[in-house]
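Okay, here's what each chain looks like letter by letter:
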Amino acid sequence: MNNISLLQSISGLLAGIALIVILTARYRIHAFFALLLAGLLAGLIFQLPLTDILTTIKTGFGQIIGSLGLLIILGTTLGLILEHTGSTTVLAAYVLRQTGTGRSPLALNIIGYIVGMPIFCDSGFIVLSGLNKALAWRSGVSMVIMASSLATGLYAVHCMMPPHPGITAATGVIQADVGRVMLFGLLIALPASFCGYAWSLYAGRRLPVITPGTMETDATPEALPSVWMAVLPIAVPILLIALRSVFTLEQNSSSPLLQILNLTGTPEIAITIGIVLALPGLRKGQGEGFGKILQEGAEKAAGILVIIGGGGAFGAILAKAGIGAHIADNPAITGTGILLPFLVTAILKTAQGSSTVAIITAASIIHPLLPALGLHTPNGSLLCVLAMGAGSMMVSHTNDAYFWVISRFSGLEVKDMLRVYTIATLIMGIVAMCCVFLLSLLLL
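The sections below set out a description of the structure shown in this document.

The rules behind the values
- By convention here, each chain's residues receive numbers from 1 onward along its written sequence.
- Restriction of local features to residues with pLDDT of at least 70 applies here, the model being predicted, together with a cutoff of 80 or more for giving and counting side-chain atom pairs; totals for whole chains, interfaces and linings are based on all residues.
- To get the side-chain values, take all heavy atoms of the structure and skip hydrogens and water.
- What counts as a helix is a DSSP run of H or I of at least four residues, what counts as a strand is a run of E of at least two, and both are numbered from the N terminus.
- Here's how the labels work: a residue is buried when its accessible area is under 20% of the maximum for its type, exposed when over 50%, partly exposed in between, all with a 1.4 Å probe on protein chains only.
- Only the protein chains shown count as cover for residues, with accessible areas throughout obtained via the Shrake-Rupley method and a probe of 1.4 Å.
- Only the six-membered ring of Trp is used, alongside the rings of Phe and Tyr, when aromatic pairs are assigned; centres must lie within 6.5 Å, and planes under 30 degrees apart are stacked while those over 60 apart are edge-to-face, with the rest tilted.
- A pairing counts as a salt bridge when a side-chain nitrogen of Lys or Arg comes within 4 Å of a carboxyl oxygen of Asp or Glu.
- Grid spacing is 1 Å over the protein atoms alone, the probe is 1.4 Å, and a cavity is where that probe fits but cannot get out, while a pocket is an open set with protein on both sides within 12 Å along at least five of seven lines and lining residues have an atom within 4 Å of a point.
- Grid points are joined across faces, edges and corners, and a volume is the space filled by probe spheres set on the points.
- Residues are grouped as follows: Ala, Val, Leu, Ile, Met, Phe, Trp, Tyr, Cys and Pro are nonpolar; Asp, Glu, Lys and Arg are charged; all remaining types, including Gly, are polar.
- Each polar contact in these results corresponds to two N or O atoms within 3.5 Å; when the atoms are within protein, one needs to be able to donate a hydrogen and the other to accept it, and residues that are neighboring in sequence are counted only if both atoms are side-chain atoms.

## Quick look at the overall build of the protein chain
When its secondary structure is counted, the protein chain shows 20 helices and 0 strands. For the protein chain, the residues scored as buried account for 55% of the 444 residues in total. When the accessible surface of the protein chain is totalled, it reaches about 17800 Å², and 67% of it is carbon and sulfur.

The structure is reproduced here in structure tokens:
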């Protein structure tokens, strides 16, 4: 435990967020530099030595780039290939035929909820970003509504359901039953996802309509792929990642087949397979070659990566504050039952950005307090984990890598993201916690 006071912790968090919003929204400063300056300001408020601030910023930047770098570069490349072959245009037309223009945001939210069951929310958003962009273009619905609807569907199950790493680790620490956490987490994620969509629709309609420019495609109408060929490069990576998640959860890797699935289900490998499956469509193109698309993908990904790295640096500085430990050290609130796991996780999530880190850290803080909280029974452990999952939803903002994945892949301004997506995550967390509370009335 460091010597940073609770007041300093909260002041550094709020000052950093305020500086990011002012610099990016008012003065149009690039988000990377805004995030670095916010990290420096928070570090100074925490009274950290400048050498510690610099070291922490470099560490946070490097860790997030190391974890997401290849995924974003490959995912960006896949999206560009699908655009140039006309695959995303074909898929958008198909979805609109099935749902109608007015229900396209709801369709994306449902797709996100289903796809998000086996794969990380950032992986899912990257894979589906081309479809999201094409649907927004074809339907005329604002990009902020479409992106936030997709993002909240993915995010709900990411926070609430194993085999996602955060809630899976918390289930192990708290010693809750994995199967019951999966079942109830999936059920609770459903209303949370829908409320995220509903807020996105409401708030997005109050903002100016933002739609992507003309979709680039090198394919003539006669050369457009079939729906089956268009969906294959997206569906196969998702299926491979899903299979890997299932077999990882079973902890069975003795079979050569399972070892192959474990390898091909790695998100970077799975998306590479998606790229290979998308390549035949380029033969039908009449414009830029494959090499030009690869160059464009690398250049586009670089701009996204520096911002995500900046978010990782800012989050690493905020993690130094130890806000969750401050809350847990206060004996006046240890009698609050399932509310305490929720609050500790929510504060950690808001402070340092990662839902996975927040719920794992909260689990280690809460575990010794379970008897005092009356949550040491099997049902109590289940409710504790679910409450922490709800807390890990709120609040996703500028220190969350997923926030920047959504923003950069959708071309959205920070201020619009904060008004729509960030508030949606706040509502989702509250709705999920209300569901956990109602469940506690039946189980405790």
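There's more to say after this.
## Side note on the packing of aromatic side chains
Geometrically, a pair of aromatic rings is defined through the distance of the ring centres and the angle of the planes. Counting across every chain of the model gives 10 aromatic pairs. A ring pair is formed by F32 and F33, whose centres lie 5.2 Å apart and whose planes are at 75°; its orientation type is edge-to-face. The exposure class of F32 is buried, given its relative accessible area of 16%. On the basis of an interplanar angle of 85° and a centroid distance of 6.4 Å, the ring pair of F125 and Y402 is categorised as edge-to-face. In this pair, F125 sits in helix α6 (residues 121–139) while Y402 sits in helix α19 (residues 401–410), placing the two residues 277 residues apart along the sequence. Each member of the pair, F125 together with Y402, is buried. An aromatic cluster is built from F125, Y155, Y402, F403, W404 and Y421, whose rings are joined through pairwise contacts.

## Here's the deal with the pattern of salt bridges
All chains considered together, the criterion is met by 1 salt bridge. Its salt-bridge partner being D400, residue K349 comes within 2.7 Å of it at the nearest N-O pair. Note that K349 is positioned in helix α15 (residues 339–352) and D400 in the loop between α18 (378–391) and α19, a separation of 51 residues in sequence.

## Focus on the layout of surface pockets
Left-over empty space is what a probe sized like a water molecule reveals as it rolls over the atoms. Volume-wise, the second largest pocket comes out at about 210 Å³. What lines the second largest pocket is a set of 13 residues, among which L91, V95, I111, L131 and V231 lie closest to the centre. Of all the secondary-structure elements, those providing two or more residues to the lining of the second largest pocket are α4 (87–99), α5 (104–115), α6 and α10 (227–250). In terms of residue count, α10 provides more of the lining of the second largest pocket than any other element does, 6 residues in total. The residue inventory of the lining of the second largest pocket, partitioned by class, reads 13 nonpolar, no polar and no charged.

## Some words on the side chain of K349
Residue classification places K349 among the buried positions, given a relative accessible area of 0%. Here the side chain of K349 touches Y155 through a polar contact of 3.4 Å, side chain to side chain. One polar contact links K349 to S355, side chain to side chain, over a distance of 3.2 Å.

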